[in-house]
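Spelled out, the chains give:
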Amino acid sequence: MAAVEITEETRQQAERVGPPDVVVGIAGAVSADELRVRAQQILSELGSGASSLRFVFAWPGATPEAAAGAAQPAENPALTLVPFAPPTQGTGELWADVSASQRAVLALAASLNARACIVIGSDLAALRTHLIQLFTYAILDRQCGLVMPVYPPAKYDGLINSGILSPLSRALYGKRVHYPLAFDFAASGALCAGLARTSPAAANSLLWPVTVAATQFPQLPVGQVHVDAHHQVAAEGLELSAVLGQLAGSLFQEMDQCASHWQRIRGSQATPAWGNAADGQPDGQPIDPQPMLDSFLLGSKSLEEVWRLLLPPNALLELRRLTKLPPDQFRMPDDLWACIVYDFALAWRLRTINRVHVLGAFTPLYLGWVASYVREVSNLTSAAVEQRLEQFARAWEEKKPYLLSRWRWPDRFNP
Amino acid sequence: MWQQVEQSLHSSMGLVVNKIATLLPGILAFIAAFLFFLLIGWLVALLVRRILTAMHFDERMRGGASAIAEWSPRATPSLLVGRVVFWCFVFSGVVVGVSALGTSEHIVSGWMLGYVPRLAGAAILLLAGNVLARFVARSVLITGVNLNLSYARLLSMGVRWMILVLTGAMVLDHLALGGAIVELGFGILFGGIVFALALAVGLGSRDLVSRSLEREAARPVEVAQPEKIHHF
C-alpha cells in the first residue's frame, strides 16, 4: 500500500471523531483556506439529510505551513480536515503525479476504515454538494464498488480518451466506462486498499481504477455519475507524443499484467449512471484537420520502416491506401484503428523494438485517426457523436478475437 | 641438372609435407578444443537459462525499468544472459584452441594469439557501433517526424552513417590496419562532410535565411489562439 504519513495531531483528531463514513480526498496541492470554505459550504448544504454521515476532508497538506493553516478553528464543528503528506517523489509527469496523489488519498481512507472515499481533482472543480451526494449515494446506497465520472460531452476534448483509453478499456475489461482514467471518482471501503496498493516495480505507474475493480474485485458493481465539471489541464509545455506515450504505455503495461484476466472476458456490460447528463459544449468554429493529416502523411512516408516491424502487412497496405486518398475523403476505418492499437500493444509487450520507439512511432497514426474523427464528427450533434463513439467502441469489442489470437500466438503468420 | 631440379622439388615437397604434419595435430587440437568448449558452453547456457527461469528472472527484470530488459528488445533477459555465457565459452574455446596450435607452431600461434584480443575488441566495437547507429538513427527519425520535420528521414540517415563511419574508422584503428592512412582518411572524410554541409547551408541558403529574417522582423506580434482540440 502507498505510504501515507498522518501527523500525530491528525491521528488524535481522527481517533476522536471515530471512523468516518466518507473521506473526500483532494488529489493534489490545494489552498487550505479555499478547501475549508468549500467543505463548510458542502456540509451546510448537505444539511440534515446527510447529518448521519460523518465526512472527513483529506488534503495533501502535512507541511508545517499547511498544518498551521489547518489548525485554525473551524466554524463548523462537524468539519474534520485531515492533512496527509503528499507523495514524496514527484515525477513531473502530469498523470503520474495525479495517480500518486490519488493512491495516497485511497490509502488514507483505507487506514481510517472509511466506508467510501471520494477522490477529487486538485482544481476542486468537482467539489460540489450535489456531486458529493451523487458519489455517496452510488457507493453507500447502491452498493457500487467503484463510481467513475461522466464529464459533459465535448466533441474535441479528451481525444486520447475517446480514441484509445475508453474503447480499449471497455473491450478488455468489459465495463462500459466513459473515462477509465479520471481526476474524480469514488470507491467503496473494500476497494480503497486494493486501489491504493502500489506494486514496487511500478512506482510511477498510473492508477487505472476500472482495471483494478474488474480484475481484482469482479464482484463489486461499477457505476457512473454525471459530473458537470470541466477540468483545466495545463497543456503548456506538454508534448503530445510524450503524453500519448505515457498514457498508452501505462495502459499497455496494465494489459500485460492483467492478460490472464482480460482474455477470459467477452463482450461488455453497461454500467448504471446517475445524475443529469450535462448539455454538450457549443461547437464553435469548425476545425481544420489538415495539419493532423499532414503529420500522418509525413509519418507514413518516413516511418514505414518502423511500422513494418510493428504492424502486419494487411494494416500496412490499408495505411498505404489511406495515404493515397484525397484529403476530403480521408477516413480511417474503426476496425483498422482498433487493430493498429492492438498491434502496438503487442509490440510493446514483445519489445519488438525499444518501447520508447514503439510509443513514439504511434503518434502519427493517432493524429491520422484524429484527422479522420474530426472530419467525420464536424457536422454531428453531441448526441450523434455519442452514438458514433458507441459504434466505434463496439468495433473494438468485435476485433478483440484478433487481439487474443495475436497475443497468444504472436509468431503465427498474420497477413 | 634435372637431378638437381628433382632434388630441389623433393626437398621442398618434403618441407611442405613436414610443415603440414607438424601443423596437423595443432589444427586437430584447435578443432577439438573449440568443439569441446562449444558443447560445454551450450550446456552451461542451458543450465543458466533454467536457473534464471526458476528464479523468475524475466519477471523481475520486466517489472522495473531494467537496463537489461531495455537492451534486449526481442529476447528475454534470461535468454540474453544465456547467450552471453555461451559466447564467452566459444571465445574461450578459440583462445584455448589457438594456444593448442601454439604447441605445434610457435610463430603462427604467437601472432594469432596476440591478435585475438584485437579481433575480439574490434568485433565488439563493430557490434556496439551498429546497435548504437540503429538506435540513434531510429530515435532521430521518430523525434523528427513527431516534430513535423519533413527532412527527418534524411537527418536520421545522416546520423546513422556518421556513426557507422566513425565505427569503421575505430575498428580499423583497433585492428592496426592501414596505419596513419585510416586516421588521415577519416579526418579528411569527416572534415569534408562537415565543410561541404557548412558550405551548402551557408551559400545555398543565404538568400533563404535573409528572406526569412526579413519576414520575421516584419511580422506583427500574434496573440496565441486557444487550442480547439484537446487531446488530454
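Model, not experiment: these values are computed from the prediction.

Colleague: Lay out the overall build of chain A with the relevant residues and their values.
Modeller: Looking only at helices and strands, chain A features 18 helices and eight strands. When each of the 415 residues of chain A is scored for burial, the buried share is 58%. Contacts spanning at least 24 positions in sequence make up 84% of the contacts within chain A whose residues lie at least 6 apart. Summing over all exposed atoms, chain A offers an accessible surface of approximately 17100 Å²; the carbon and sulfur share of this is 51%.

Colleague: Let's hear about the environment of Q224(A): which residues, and what values?
Modeller: Residues and elements named next belong to chain A. Along the chain, the position of Q224 falls in strand β7 (residues 222-226). Note: C-alpha distance between Q224 and A138 (86 residues apart in sequence) is 8.2 Å. Engagement of the side chain of Q224 in a polar contact is seen with the backbone oxygen of R176, the distance being 3.4 Å.

Colleague: Account for the side chain of K155(A), naming residues and giving values.
Modeller: Residue and element names in this part refer to chain A. Residue position: K155 is located in the loop between β5 (146-150) and α6 (159-173). Residue K155 is classed as buried on the basis of its relative accessible area, which comes to 6%. Polar side-chain contacts of K155 include one of 3.1 Å to the backbone oxygen of V377. Among the polar contacts listed, one links the side chain of K155 to the backbone oxygen of S378, at a separation of 3.2 Å.

Colleague: Outline the environment of A361(A), supporting the account with residue identities and numerical values.
Modeller: Checked against the element boundaries, A361(A) lands in the loop between α15 (355-360) and α16 (363-377). A361(A) sits 51 residues away from L310(A) along the chain, and the two C-alpha atoms are 9.4 Å apart.

Colleague: Give a description of the packing of aromatic side chains that names residues and reports values.
Modeller: Residue and element names in this part refer to chain A. Using the criterion set out here, one finds 18 aromatic pairs over all chains in the structure. Consider the rings of Y151 and Y179, whose centres lie 5.0 Å apart with planes at 75°: the pair is edge-to-face. With Y151 in the loop between β5 and α6 and Y179 in the loop between α6 and β6 (185-188), this pair connects stretches of sequence that are 28 residues apart. Note on accessibility: Y151 and Y179 belong to one class, buried. Centre to centre, the rings of F296 and W307 are 6.4 Å apart; their planes meet at 25°, and the pair counts as stacked. Within this pair, whereas F296 is found in helix α11 (residues 290-302), its partner W307 is found in helix α12 (residues 304-310), the two being separated by eleven residues in sequence. Both residues of the pair, F296 and W307, count as buried. Site record: aromatic cluster; members linked through ring pairs are W337, Y342, F344, F362, Y366, W369, Y373, F392 and W396. Sitting over the face of the ring of W348, R355 holds its NZ or CZ atom 3.6 Å from the ring centroid. When the ring centre of Y402 is taken as reference, the NZ or CZ atom of K399 above it lies at 6.0 Å.

Colleague: Quick rundown of the pattern of salt bridges? Include the residues and the values.
Modeller: All names here are of chain A. Enumeration over the complete set of coordinates arrives at 14 salt bridges over all chains. Here E376 makes a salt bridge to R331, at a shortest N to O gap of 3.4 Å. Taken together, the residues span a long stretch of sequence, with E376 in helix α16 and R331 in the loop between α13 (313-323) and α14 (334-350) at a distance of 45 residues. Between E376 and R388 there is a salt bridge; the shortest N-O distance is 2.5 Å. Taken as a pair, E376 in helix α16 and R388 in helix α17 (residues 382-398) lie far apart in primary sequence, twelve residues in all. Relative accessible area serves as the criterion here: at 27%, E376 is assigned to the partly exposed category. Relative accessible area serves as the criterion here: at 10%, R388 is assigned to the buried category. Each of R170, E390, R394 and E397 takes part in salt bridges that share partners, so that together they form one network.

Colleague: Mind laying out the nonpolar core, listing which residues take part and the relevant values?
Modeller: Residue and element names in this part refer to chain A. In this structure, W337, F344 and Y366 are the most contacted members of the largest nonpolar core, which totals 153 residues. Among the elements that take part in this core, α14 stands out by supplying twelve residues, more than any other. Apart from the residues lying within four places of it in its own chain, the contact partners of F344 are F252, W307, L310, L311, V358, A361, F362 and L365.

Colleague: So what's going on with the sheet that holds β5(A)? Which residues, and what values?
Modeller: Residue and element names in this part refer to chain A. Reading across the sheet, the eight strands line up as β3-β2-β1-β4-β6-β5-β7-β8 and stay open at both edges, with mixed pairing between neighbours. The open sheet has two edge strands, β3 (81-83) and β8 (273-274), and neither has a second partner. Note that strand β2 (residues 55-59) and β3 share three bridges and pair parallel. Bridge pairing in β3 places W59 opposite P83. Against the sheet, helix α2 (residues 32-46) makes contact with β1 (22-27), β2 and β3, and its axis sits at roughly 165° relative to β2, the strand it touches most. Helix α5 (residues 129-141) contacts β1, β2, β4 (116-121), β5, β6, β7 and β8 of the sheet and is inclined by roughly 145° relative to β4.

Thresholds applied
Numbering of residues begins from 1 in every chain and follows the order in which that chain's sequence is written. Each chain takes a letter, starting from A, and each ligand takes a number, starting from 1, following the order in which they are written. For this predicted model, a pLDDT threshold of at least 70 governs which residues receive local features, and a threshold of 80 or more governs which side-chain atom pairs are given and counted, while totals over whole chains, interfaces and linings are taken from all residues. As a rule here, side-chain values come from all non-hydrogen atoms in the structure, and water together with hydrogens is ignored. Secondary structure elements are defined from DSSP: runs of H or I of at least 4 residues count as helices, runs of E of at least 2 residues count as strands, and each element is numbered from the N terminus. Burial status follows relative accessibility: with a 1.4 Å probe on protein chains alone, a residue under 20% of its type maximum counts as buried, one over 50% as exposed, and anything between as partly exposed. For this analysis, residues touch if any pair of their heavy atoms sits within 4.5 Å. Residue exposure ignores everything except the shown protein chains as possible cover, and the areas themselves are Shrake-Rupley values with a 1.4 Å probe. In protein, a polar contact requires one atom able to donate a hydrogen and another able to accept it; more generally it is a pair of N or O atoms within 3.5 Å, and residues adjacent in sequence count only if both atoms are side-chain atoms. Between 30 and 60 degrees the pair is tilted, below 30 it is stacked and above 60 it is edge-to-face, where a pair is any two Phe, Tyr or Trp rings, Trp via its six-membered ring, whose centres lie within 6.5 Å. Consider the ring centre and the ring normal. A charge sits over the ring if Lys NZ or Arg CZ is within 6 Å of that centre and within 35 degrees of that normal. Note on definitions: salt bridges are taken to be side-chain nitrogens of Lys or Arg within 4 Å of carboxyl oxygens of Asp or Glu. Take the buried residues of types Ala, Val, Leu, Ile, Met, Phe, Trp, Tyr and Cys, join any two whose side-chain atoms come within 4.5 Å, and each joined set is a nonpolar core. Only strands that DSSP links by at least two bridges are regarded as paired with each other. Whenever a helix is involved, its axis is fitted only over the stretch in contact; in every case the axis is a line through C-alpha atoms, and angles between N-to-C directions fall within 0 to 180 degrees.

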